[in-house]
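Overview (structure and organization)
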Amino acid sequence: MIVGVGIDVVDIGRFEATLERTPALRERLFTIEERHLGIASLAARFAAKEALAKSLGAPVGLHWTDAQVVTNDDGRPSLEIGGTVLARANDLGVDSFHVSLSHDAGVASAVVIAEG
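Named according to an unreviewed UniProt entry, the protein is Holo-[acyl-carrier-protein] synthase originating from Terrabacter carboxydivorans. As its UniProt record puts it under Catalytic activity (unreviewed entry), the protein is described as follows: "apo-[ACP] + CoA = holo-[ACP] + adenosine 3',5'-bisphosphate + H(+)". The UniProt entry for the protein carries the following text under Cofactor (unreviewed entry): "Mg(2+)".

Here it is in structure tokens:
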């Protein structure tokens, strides 16, 4: 059963300018493993985290670093969650997420489906 769906779109150039203007934001938004990625990949991961929050009803109090986008050996993205995100997913009965990322023409996007 689908518990929630989230989608988000990020302007890559504006996102890059924001990270340059506020360097500490990179640490607030991304795990250590994510921080080294290029700007398009970071923008897509930020879109995924926003989409994830929306799929969970966008509750106040989720921590950005309690979710991480990882890719498996064939390049397929998935989400690893813990802390506040895991607690909310458990509250809603979510046992899996489906995630799709894309970036092209200066835009990054993500869709997340929460399933329970």
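Here's the deal with a nonpolar patch on the surface
A cluster of nonpolar side chains, Ile2, Val5, Ile7 and Val111, forms an exposed patch at the surface whose accessible area comes to about 360 Å². When residues of the nonpolar patch are assigned to their parent elements, the largest contribution, three residues, is made by strand 1 (residues 2–11). Exposure remark for Ile2: the relative accessible area of 55% places this residue in the exposed category.

With respect to helix 1 (residues 12–21)
If you check which residues of helix 1 are buried, you get Ile12, Phe15 and Leu19. One face of helix 1 carries all of its buried residues, which in axial projection span an arc of 60°. Residues of helix 1 that are exposed and point more than 90 degrees away from the buried face comprise Arg14, Glu20 and Arg21. Where helix 1 is buried, its residues contact strand 1, helix 2 (24–29), helix 3 (39–55), strand 4 (96–104) and strand 5 (107–115). For helix 1, the capping residue at the N-terminal end is Asp11, with a side-chain oxygen 3.1 Å from the backbone nitrogen of Gly13.

With respect to the pattern of salt bridges
If charged atoms from side chains of opposite charge come close, those side chains can pair. This structure, assessed with the given rule, holds two salt bridges. Among the salt bridges present, the one from Asp8 reaches Lys54, with a minimum N-O distance of 2.9 Å. Linking Asp8 in strand 1 with Lys54 in helix 3, this pair joins segments that are 46 residues apart in sequence.

Regarding the UniProt feature "binding site: Mg(2+)" (unreviewed entry) in the protein
Mapped onto this numbering, the UniProt entry annotates "binding site: Mg(2+)" (unreviewed entry) at Asp8 and Glu50. Look at the named residues: they lie 43 residues apart in sequence, but the longest C-alpha span between them is just 6.2 Å, so in the fold they bunch up. Side-chain polar atoms of Asp8 contact the side chain of Lys54, separated by 2.9 Å. Residue position: Glu50 is located in helix 3. Excluding residues that lie within four positions of it along the chain, Glu50 makes contacts with Asp8 and Trp64.

Here is what the cut-offs are and how they apply
Residues numbered from 1 in each chain as written. Predicted model: local features only at pLDDT ≥ 70, side-chain atom pairs only at ≥ 80, totals over all residues. Heavy atoms only, no water. UniProt positions renumbered as here; feature names shortened; annotations may be inferred. Patch = residues over 30% accessible without salt bridge, like charges linked within 9 Å, V, L, I, M, F, W, Y side chains within 5 Å. Areas by Shrake-Rupley, 256 points an atom, 1.4 Å probe, with all protein chains shown as cover. Salt bridge = Lys/Arg side-chain N within 4 Å of Asp/Glu carboxyl O. Helix = DSSP H or I, 4+ residues; strand = E, 2+ residues; numbered from the N terminus. Buried < 20%, exposed > 50% of the residue type's maximum accessible area, 1.4 Å probe, protein only. Arc of directions from axis to C-beta. Contact = heavy atoms within 4.5 Å. Polar contact = N/O pair within 3.5 Å; in protein donor to acceptor, adjacent residues only side chain to side chain.

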